[in-house]
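Now for the letters of each chain:
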Amino acid sequence: MDTKLNLFVVLTLVSIQFLSTFPKAAISNVHIVYMGDKENEDPIVTKMFHYKMLSDLLGSKEAAKSSMLYSYKHGFSGFAARLTDSQAKEIEAFPGVVQVIPNQVHKFHTTRSWDFMGLNDHSTTNLLTKSNMGEGIIIGVIDSGVWPESKSFNDRGMNPIPSHWKGICQEGQLFNSSNCNKKLIGARWFVKGILDQNQTPINISNGEDILSARDSLGHGTHTASIAAGNFVVNANYEGLAAGLARGGAPRAHLAVYKVCWSFGHGGCTDADLLKAFDKAIQDGVDILSVSIGLSIPFFSYADQRNSIAIGSFHATAKGITVACSAGNDGPTAMTVENTAPWIITVAATTIDRAFPTAITLGNNHTLWGQSINTRMHNHGFTGITFSDRIALNDSDDSALGCKRRSLNATLAAGQIILCFSQSSTQNIFSAAISVAEAGGVGLIFAQYRSDGLESCHYIPCIKVDYEVGTQILSYIRKARYPIAKLGIPKTIIGKWVSPKVADFSGRGPSSISPIVLKPDIAAPGVDIIAAYIPFGVEKSSGFALLSGTSMSCPHIAGIIALIKSVHKNWSPAAIRSALVTTASQKGTDGSNIAEEGSTRKVADPFDIGGGVVNPNRAIDPGLIYDIETNDYVKFLCGTGFSSKSVSGLTQTKANCTKNRLNKLNLNLPSITIPNLKRKVTVSRKVTNVGPVESMYKAVVEAPQGVKMKVEPQILRFNKPPKLYPLKLLSSQLGKYMEIIDLGA
């Protein structure tokens, strides 16, 4: 959710009695002065130029030094500084300034999954072994930092740090250079943007946050270990999901960039995000994993207020592949985030693992829910009641969903409480706190069908759907002394059809540019076990089960590392093409992948892009759809952006009056035509990366009401990689047309 800037007043008074006669000083807030391409390759010269510009605006070197937060001088040019609105407008007219934008706050998108995708470490034929497990590749993770002591970041079996690494292990509170090793090779932290946003210092004495790259939230540790965690035997969460834990590329190296903080209102600001991208480009990462996003409404990816689009463009132009999460505002259409065409946008799916938990009623009838709480269970029969029966206030219905302070503690004491969520925003965790505070000993939480389980910590809690919840309520109403027994969760693998699209996963089409199909690809993102920070009196096993597109994004980052390890010269667009064109649209039972949640419909490209990632096929896609930086420039011009805005974003001298590309012809591995009403011809160019002697035949499955033809229908190659043009002609009777894997 976008958060309004916290405002502060700089006010100097001579005497309090003259307050009404002195105008208040203008309010200063952090603004990002974005200047696009660097005029000079020397970062020292670029930084001096930034200070000179700010000095000219503010009147002195001292004022410029006090105002400046960051100088962006590696991947692109610009700086973050405290400016009043009038100063921001004034500096926007300076030569070389593309746009001046206010600092905003962004949000997080928050074992078995690798074997589920066919990447088991004991096979000699899959991508994991062919790639030497990502050896020599550096994955950068922009997130909330890292817990370096986690077993997932041990460096056993790791090769020396790659020679192209230029980064550092930045020291800070509870973090020093010895916390890095051959696995965790770099760590940086950026806090100036969020400090200015909150206008209050971090209280480090009470653990509000940690002024270093050390993770106080757990999110960054979790995502980093999914992407490239080393092997950890006997990993589990409270005994569940036990097994060998590892990341997608266990021999890849990790560099973490902490930009997300918990103190104050929390979040990740544009100023800090852009600095992380800038430094990651300088440091020499090969891949960036970013599980962060804007809130609705979104800004265009050519709008300078979209810092992730800006940073990722400059990274992509340097050959760094960027994977981002699709957001967690599904299943509503047009909620997908991070939609720039140079980003690999990742949706979330389930895997074939569940944690069924028995609920045995006093009439010996057993019903099933799911839970990840194995401790604190009372194994005998206990009284059970419906929350609405023990409401503290009969005049409202807050007790129905077990909202805080809504239950009568006298009636709740010693009981298992059945609660019904009344909206998708109510969650089992807050209900468990309410029940525990009222003296309840267990919670059964009936809610909309949704994905992902939460640990309640305080009391055993079980999630059920409304059907099961209604059956339990019927028993409570009929029984004179209703009782129930809560079982202990079990880990079950392979008995459920999967994958399914997670209900929370952001859906397309893109509200910014529906011409670009988003998301690109889907990957596991529900109940994923990975490293986590220690918590609680007893501490933890060092692992947690979390759900979100935040978890699916690093799955793709890990797979990209494996592909990059084999195909070192492939561009980010080539890697994205290989992933999209080889993805699967079928579940484990051979049927089409379906959506989870309320709709339960067959998934379409606006849910999963090309489909669910198939790593072993992606290594050998046959044909790829490659894109160069200049292609994005032409596309942006063709989309209607001005020469100035395109030049600023893309580091080129764009002339949009002469250099335009039909926006349908950006060489993506998909075609999306909004509002198709008449015959349209769309072009693509394919490159053969399969055997030299190859032949490909186009097989077309047209959407209902659409006629399509591919020319030529057969492609023959007899030389090393070259481009080959394809044309697709269509006629319409549909609002959108989507084609995946054209010609391959």
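For clarity, every value in this text was computed on a predicted model and none was experimentally measured.

**As for the pattern of salt bridges**
Stage number 1. If you walk through the whole model with that rule in mind, you get 15 salt bridges.
Stage number 2. The partner of Asp 283 in a salt bridge is Arg 188, with the nearest N and O atoms 2.8 Å apart. Taken together, the positions of Asp 283 in helix α8 (residues 270-283) and Arg 188 in strand β7 (residues 184-189) put the pair 95 residues apart, joining distant regions of the chain.
Stage number 3. On the accessibility criterion, Arg 188 (8% relative accessible area) is buried.
Stage number 4. Salt bridges sharing common partners tie together Arg 507, Glu 595, Lys 601, Asp 604 and Asp 607.

**Thoughts on the confidence of the model for the protein chain**
Stage number 1. Overall, the prediction assigns the protein chain a mean pLDDT of 84, with 86% of residues at 70 or greater.
Stage number 2. Confidence scores differ between elements of the protein chain, with strand β38 (residues 736-740) showing the lowest mean pLDDT of 44 and strand β10 (residues 253-258) the highest of 98.
Stage number 3. Confidence over residues 732-744 falls short of pLDDT 50; this stretch has 59 contacts with residues more than four positions distant or in other chains.

**A closer look at the sheet that holds strand β3 (residues 77-84)**
For sheets, the rule is that strands pair by backbone hydrogen bonds, running either parallel or antiparallel.
Stage number 1. The antiparallel open sheet is built from four strands, whose spatial order is β2-β3-β1-β4. Two strands lie at the open edges of the sheet, namely β2 (68-72) and β4 (99-102), each paired on one side alone. Along the sheet, successive strands turn relative to each other by an average axial angle of 25 degrees, direction set aside.
Stage number 2. In this sheet, β3 lies alongside strand β1 (residues 28-36) in antiparallel orientation, the contact comprising eight bridges. Bridged to Tyr 34 within β3 is Gly 78.
Stage number 3. Contacts from helix α3 (residues 85-92) reach β1, β3 and β4 within the one sheet, and its direction differs from that of β3 by about 145 degrees.
Stage number 4. Its contacts with the sheet place α8 against β1, β2, β3 and β4, and it is angled at close to 35 degrees to β2.

**Side note on the state of the cysteines**
Stage number 1. Under the counting rule described, the total for this entry stands at five disulfides.
Stage number 2. Two residues, Cys 260 and Cys 268, share a disulfide whose sulfurs are 2.2 Å apart. Handedness of the Cys 260-Cys 268 disulfide follows from its S-S torsion of about 105 degrees: it is right-handed. As far as the burial class goes, Cys 260 and Cys 268 line up, both buried.

**Description of the environment of Gly 640**
Stage number 1. One can find Gly 640 in the loop between α17 (629-639) and α18 (643-650).
Stage number 2. Separated by 16 residues in sequence, Gly 640 and Cys 656 place their C-alpha atoms 8.4 Å apart.

**Some thoughts on the UniProt feature "active site" (unreviewed entry) in the protein chain**
Stage number 1. Mapped onto this structure's residue numbering, the UniProt feature "active site" (unreviewed entry) falls at Asp 143, His 219 and Ser 550. Spatially, the listed residues are clustered: although they cover 408 residues, their C-alpha atoms lie within 9.9 Å of one another.
Stage number 2. Position of Asp 143 relative to the elements: it lies in strand β6 (residues 138-143).
Stage number 3. Taking the relative accessible area as the measure of exposure, Asp 143 reaches 1% and is therefore buried.
Stage number 4. Mapped onto the secondary structure, His 219 falls in helix α7 (residues 219-228).

**Quick look at the environment of Asn 655**
Stage number 1. Within the fold, Asn 655 resides in the loop between α18 and β32 (670-674).
Stage number 2. Taking relative accessible area as the criterion, Asn 655 reaches 31% and is therefore assigned partly exposed.
Stage number 3. When the C-alpha atoms of Asn 655 and Val 633 are compared, they prove to be 9.3 Å apart, with 22 residues separating the residues in sequence.

**Describing the nonpolar core**
Stage number 1. Membership of the largest hydrophobic core comes to 65 residues, with the highest contact counts inside it found for Ile 142, Tyr 257, Val 259, Val 285, Leu 288, Ile 292 and Trp 342.
Stage number 2. Top element by residues in this core is α8. It accounts for seven residues.
Stage number 3. Counting 47 residues, the second-largest nonpolar core is a separate cluster that includes Val 146, Ala 213, Ile 560 and Ile 575.

Rules and cut-offs
- Residues numbered from 1 in each chain as written.
- Predicted model: local features only at pLDDT ≥ 70, side-chain atom pairs only at ≥ 80, totals over all residues.
- Heavy atoms only, no water.
- Salt bridge = Lys/Arg side-chain N within 4 Å of Asp/Glu carboxyl O.
- Helix = DSSP H or I, 4+ residues; strand = E, 2+ residues; numbered from the N terminus.
- Buried < 20%, exposed > 50% of the residue type's maximum accessible area, 1.4 Å probe, protein only.
- pLDDT = per-residue confidence, 0-100.
- Contact = heavy atoms within 4.5 Å.
- Pairing = 2+ DSSP bridges.
- Axes fitted to C-alpha atoms, helices over the stretch in contact; angles between N-to-C directions.
- Disulfide = S-S within 2.5 Å.
- UniProt positions renumbered as here; feature names shortened; annotations may be inferred.
- Core = buried A, V, L, I, M, F, W, Y, C linked by side-chain atoms within 4.5 Å.

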